[in-house]
Amino acid sequence: MTTKPTRPLTIVLLILIGTFTLASGQSGRRNVRNQENRRKTDTEKVQLFNGKDLSNWVFQLRDPAVDPESVFSVQNGVIHIKGNPFGYMRTKESYSDYRLHVEWHWPGEPTNSGVFVNAQPPDAIWIKCIECQLAAGNAGDFVCMNGADMNEHTDKSKISVKKLAASSEKPAGEWNTMEVVCKANTIEVYVNGVLQNKGTGVTVTSGHICLQSEGKDVEFRNVFLTHLENTGRR
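Residues numbered from 1 in each chain as written. Predicted model: local features only at pLDDT ≥ 70, side-chain atom pairs only at ≥ 80, totals over all residues. Heavy atoms only, no water.

**Quick word on the packing of aromatic side chains**
Right, so step 1: In the structure shown here, the tally under the stated rule is 3 aromatic pairs.
Right, so step 2: Look at Phe86 and Trp126: their rings are 5.2 Å apart centre to centre, the planes differ by 40°, and that puts the pair in the tilted class. With Phe86 in the loop between strand S4 (78-81) and strand S5 (87-91) and Trp126 in the loop between strand S7 (114-120) and strand S8 (128-133), the pair connects residues that are 40 residues apart, well separated along the chain.
Right, so step 3: According to the relative accessible area criterion, Phe86 is buried, its value standing at 9%.
Right, so step 4: Note that Lys45 overlies the ring of Phe224, its terminal NZ or CZ placed 4.4 Å from the centroid.
Right, so step 5: Against the face of Trp175 rests Arg221, its NZ or CZ located 4.1 Å from the ring centre. (Phe/Tyr/Trp six-rings, centres within 6.5 Å; stacked < 30°, edge-to-face > 60°. Helix = DSSP H or I, 4+ residues; strand = E, 2+ residues; numbered from the N terminus. Buried < 20%, exposed > 50% of the residue type's maximum accessible area, 1.4 Å probe, protein only. Lys NZ or Arg CZ within 6 Å of the ring centre and 35° of its normal.)

If you want it as structure tokens, here you go:
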């Protein structure tokens, strides 16, 4: 014969079931919120240049006697780089798996510069990195610097990997856009929306981002990156 549970026991069981259901619901909502927060972080824009100063950058020049402030400056919300002496400015932080957005133009004669990605310590004039070339007429070439390498670098007698398409650069004085997509061991470079190069099997997959001083005056603005999904800074 089955004995019916007493009233107090029934109430306790109902309370336990209700508590478990509430906890499960709260846990589910927390998981949803956590996923939403991760997605927000993955697509968060990181301003590398704040439009005011270069406080989050480090400077390296071939001639250590030269004051970096005489080469790298901010004028009217734009980064101005003299181009002489040779060197670069780099982010203090290291990054991986991102889409980098950089705008540049030549205020005078088109000349030479570059965007370094996945730059490795220690600082050196020829830092180990992949350079995304900005030299006039060749924007989008890769330069494998100081031992960095990729599958497309088949001619070891040269350090460069030529771009895939005809130049998509704008005339001198107009602003150009370069977007560099670094994900795992691949790098893609777009110049004004045109895919100019793709590297696979890249041997440096994270590191600092640098803007080069080489040649004459060049200016940069709107320098930022966006983390790719499920990845972040290192």
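**Quick look at the confidence of the model for the chain**
Right, so step 1: With 79% of its residues at a pLDDT of 70 or more, the chain has an overall mean of 87.
Right, so step 2: Per-residue pLDDT stays below 50 along residues 34-41; that stretch engages in 1 contact with residues further than four places along the chain or on separate chains. (pLDDT = per-residue confidence, 0-100. Contact = heavy atoms within 4.5 Å.)

**Considerations on the sheet that holds strand S2 (residues 57-61)**
Right, so step 1: With antiparallel pairing, the 7 strands of this open sheet are ordered in space as S2-S5-S14-S7-S8-S9-S10. Every other strand in the sheet has two partners, leaving S2 and strand S10 (160-161) as the edge strands with one partner each.
Right, so step 2: Here 5 bridges tie S7 to S8, and the two strands are oriented antiparallel to one another. From the neighbouring strand, Gly114 faces S8, where its bridge partner is Gln133. (Pairing = 2+ DSSP bridges.)

**Concerning the environment of Phe116**
Right, so step 1: Counting through the fold element by element, Phe116 comes out in strand S7.
Right, so step 2: Not counting residues within four places of it along the chain, the set of residues in contact with Phe116 comprises Tyr88, Ile127, Cys129, Ile130, Glu131, Met145, His208, Ile209, Cys210 and Gln212.

**Description of the nonpolar core**
Considering soluble globular proteins, one finds that nonpolar side chains tend to be buried as a cluster.
Right, so step 1: The biggest cluster of nonpolar side chains holds 42 residues, and the ones touching the most others in it are Leu100, Val117, Ile130 and Phe220.
Right, so step 2: Aside from chain neighbours lying at most four places away, what touches Ile130 is Val115, Phe116, Val117, Phe142, Val143, Cys144, Ala148, Asp149, Met150, Ile187, Val202 and Val204.
Right, so step 3: Counting 8 residues, the second-largest nonpolar core is a separate cluster that includes Tyr88, Ile127, Cys129 and Cys210. (Core = buried A, V, L, I, M, F, W, Y, C linked by side-chain atoms within 4.5 Å.)

**Observations regarding the pairing of S8**
Right, so step 1: Among the 6 residues that make up S8, 5 are buried, leaving the element largely enclosed by the rest of the structure.
Right, so step 2: Here S8 pairs with strand S9 (residues 142-145) via 4 bridges, running antiparallel. The partner of Cys132 across the bridge, within S9, is Phe142.

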